[in-house]
Amino acid sequence: MNPYVLVILLSSLGLGTTLTFASSHWLLAWMGLEINTLAIIPLMAQQHHPRAVEATIKYFLTQATAAAMILFAATTNAWMMGEWDINNLSHPLASTLVIMALALKIGLAPLHFWLPEVLQGLSLTTGLILSTWQKLAPFALIIQVAPTIDPYLLSSLGLLSTLIGGWGGLNQVQLRKILAYSSIAHMGWMIVVLQFAPQLTLLALGTYIFMTTTAFLSFKMSSATKINTLSLAWAKTPTLMATTALALLSLGGLPPLTGFMPKWLILQELAKQELPLTATVMALMALLSLYFYLRLCYAMALTISPATINSMMPWRSSNTQSTLILALSTTITLGLLPITPAIMALIT
């Protein structure tokens with residue numbers, strides 16, 4: 001892709017998200033979401049592969065549907081209540097429509113069906129943008145409208161997402177689909193705690209972004225898109241595979257890694273709010289997710305490929321990719337748990 005075009009598209013991505021962050025009027029927020037969608041579509045279709053084009057069309061249709069629902073809900077609220085302000089979403093029909101539209105935007109269950117298919121058709125770099133940056137603008141709106149949403153609806157969306165995110169990834173062999181179901185499960189954790197402690201939702205979103213960035217960049221570095229590719233990678237890049245395995249365990253929420261922090265704090269908050277059943281179900285669903293991360297770690301670090309060669313040092317291609325971002329995100333993914341008290345002091 002032409003570098004000038006790429007700069008314009010990436011700037012538009014930034015502009016769309018910033019516009020939604022800064023807006024207090026529904027039309028301006030909707031405009032930001034639309035700029036965001038239109039900016040990523042050329043990035044998704046740039047490979048000109050049938051799978052990429054199919055994924056782009058699916059993504060465009062779902063995002064257009066969600067944007068239309070948001071516009072309809074905002075217009076309904078303005079018509080019934082005479083109010084365009086995002087924080088004054090007082091009509092129950094409008095608030096329900098908005099949360100369902102935003103759930104469709106970020107891929108919350110039961111509106112998640114498009115996410116694994118779309119992510120599977122994209123390159124790992126574009127998939128990374130879709131899984132991280134594209135979640136920010138809708139999440140900013142969800143956090144703003146959460147006080148007006150029925151708590152039972154939010155809890156149902158969150159629990160269903162953790163359930164489907166756990167079950168859906170069990171039988172997958174494609175890494176991008178596994179990361180898509182991982183994303184659905186993580187979004188569920190964020191939505192469940194949103195009504196009680198929005199700062200924990202932000203913390204979970206931040207850690208999720210760093211962990212997912214590490215996973216995507218590690219797979220990109222080793223050119224892996226399927227589990228059986230990972231079983232060949234250890235002999236070529238043992239250090240990278242070791243840190244990737246740890247990053248996946250962090251995504252699963254194992255201590256003493258960073259990923260344990262948001263899960264621990266969210267379960268603690270649910271227990272404080274006297275919701276032991278919800279906390280128990282969430283913890284059990286996290287075990288399902290952990291199983292498919294362990295599958296990846298087993299394939300990566302604990303199996304020897306049948307095609308192993310006898311020489312001590314297998315042939316390695318020289319790496320020309322920049323590793324700075326991967327190194328920073330890996331450090332954050334693996335090492336933030338000890339400073340949990342400091343983080344909590346900052347966000348509360």
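Rules used throughout
Residues numbered from 1 in each chain as written. Predicted model: local features only at pLDDT ≥ 70, side-chain atom pairs only at ≥ 80, totals over all residues. Heavy atoms only, no water. Helix = DSSP H or I, 4+ residues; strand = E, 2+ residues; numbered from the N terminus. Buried < 20%, exposed > 50% of the residue type's maximum accessible area, 1.4 Å probe, protein only. Contact = heavy atoms within 4.5 Å. Patch = residues over 30% accessible without salt bridge, like charges linked within 9 Å, V, L, I, M, F, W, Y side chains within 5 Å. Areas by Shrake-Rupley, 256 points an atom, 1.4 Å probe, with all protein chains shown as cover. Salt bridge = Lys/Arg side-chain N within 4 Å of Asp/Glu carboxyl O. Core = buried A, V, L, I, M, F, W, Y, C linked by side-chain atoms within 4.5 Å. Axes fitted to C-alpha atoms, helices over the stretch in contact; angles between N-to-C directions. Parallel < 35°, antiparallel > 145°, perpendicular 65-115°, else oblique. Left-handed = near helix turned anticlockwise from the far one by under 90°. Nonpolar A, V, L, I, M, F, W, Y, C, P; charged D, E, K, R; others polar. Domains from an automatic or database assignment. Buried area = accessible area lost by both parts, 1.4 Å probe. Polar contact = N/O pair within 3.5 Å; in protein donor to acceptor, adjacent residues only side chain to side chain.

1. Thoughts on unusual backbone geometry
Okay, so step 1: That bond from Ala-109 to Pro-110 is cis: its omega, 5°, falls within 30 degrees of zero.
Okay, so step 2: Tracing the chain through its elements places Pro-110 in the loop between helix 4 (92-106) and helix 5 (114-120).
Okay, so step 3: Looking along the chain, the bond that leaves Pro-255 and enters Pro-256 is cis, with omega of 5°.
Okay, so step 4: Within the chain, His-48 stands out as a residue other than glycine whose phi angle is a positive 60°.
Okay, so step 5: With respect to the helices, strands and loops of the structure, His-48 is situated in the loop between helix 2 (26-45) and helix 3 (50-81).
Okay, so step 6: Judged by its relative accessible area of 69%, His-48 falls in the exposed class.

2. With respect to the side chain of Thr-201
Okay, so step 1: With respect to the element layout, Thr-201 can be found in helix 10 (residues 198-221).
Okay, so step 2: For Thr-201, a relative accessible area of 0% puts it in the buried group.
Okay, so step 3: Residues contacting Thr-201, with those up to four places away along its chain left out, are Phe-139, Met-190, Val-193 and Leu-194.

3. Topic: a nonpolar patch on the surface
Okay, so step 1: On the surface, Leu-38, Val-53, Ile-57, Phe-60 and Leu-61 cluster together into a nonpolar patch covering about 450 Å² of accessible area.
Okay, so step 2: Of the residues forming the nonpolar patch, the biggest block, 4 residues, is contributed by helix 3.
Okay, so step 3: Along the polypeptide, Leu-61 turns up in helix 3.

4. A word on the nonpolar core
What tends to happen in soluble globular proteins is that the nonpolar side chains get buried as a cluster.
Okay, so step 1: Among the nonpolar cores identified, the biggest contains 54 residues, and Ile-40, Tyr-59, Val-118, Phe-219, Leu-230 and Leu-248 are the most heavily contacted of them.
Okay, so step 2: Sort the elements by how many residues they give to this core and helix 14 (residues 276-301) lands first, with 8 residues.
Okay, so step 3: With residues up to four places along the chain from it excluded, the contact list for Ile-40 reads Leu-13, Tyr-59, Ile-129, Leu-130 and Gln-134.
Okay, so step 4: Judged by nonpolar contacts, the second largest core, of 50 residues, contains Ala-29, Val-98, Ile-209 and Met-261.

5. Focus: the packing of helix 9 (residues 175-194) against helix 14
Okay, so step 1: Following both chains from N to C, one finds helix 9 and helix 14 inclined at 160°, their axes separated by 11 Å at the closest point. When the axes of helix 9 and helix 14 are compared, the pair comes out roughly antiparallel. The way helix 9 lies across helix 14 gives a crossing that is left-handed. Facing Leu-175, Ile-178, Ser-182, Ala-185, His-186, Gly-188, Trp-189 and Val-192 of helix 9, the residues of helix 14 in contact are Thr-278, Met-282, Ala-283, Ala-286, Ser-289, Phe-292, Tyr-293 and Leu-296.
Okay, so step 2: Here the contact of helix 9 with helix 14 is built from residues that sort into 11 nonpolar, 5 polar and no charged.

6. Some remarks on the packing of helix 6 (residues 124-131) against helix 7 (residues 133-145)
In helix packing, the relevant descriptors are the interaxial angle and the interaxial distance, both defined with respect to the helix axes.
Okay, so step 1: In the contact formed by helix 6 and helix 7, the axes pass within 3 Å of each other and the chain directions differ by 15°. Viewed along their axes, helix 6 and helix 7 adopt a mutual orientation that is roughly parallel. Counting all contacts with helix 6, which are made through Leu-128, Ile-129, Leu-130 and Ser-131, the residues of helix 7 involved are Trp-133, Gln-134 and Lys-135.
Okay, so step 2: Class assignment for the residues of the contact of helix 6 with helix 7 results in 4 nonpolar, 2 polar and 1 charged.

7. Some details on the domain arrangement of the chain
Okay, so step 1: Considered domain by domain, the chain is made up of domain 1 (1-145) and domain 2 (150-308 + 323-347).
Okay, so step 2: Listed as interface residues are 27 residues of domain 1 and, on the opposing side, 31 residues of domain 2.
Okay, so step 3: Note on domain 1 versus domain 2: buried area summed over both sides is about 2600 Å², and carbon and sulfur give 81% of it.
Okay, so step 4: Interface area lost by domain 1 to domain 2 is led by Gln-120, Leu-124 and Phe-139, which between them contribute 25%.
Okay, so step 5: One can count 1 salt bridge joining domain 1 with domain 2.
Okay, so step 6: One salt bridge connects Lys-177 with Glu-117, and the closest N-O pair in it is separated by 3.4 Å.
Okay, so step 7: In this structure, the connection of domain 1 to domain 2 is made through 6 residue pairs in polar contact (both at pLDDT 80 or more).
Okay, so step 8: Where the side of domain 1 that touches domain 2 is concerned, the elements lending two or more residues are helix 4, helix 5, helix 6 and helix 7.
Okay, so step 9: Classifying every residue of the side of domain 1 that touches domain 2 by side-chain character gives 16 nonpolar, 9 polar and 2 charged.

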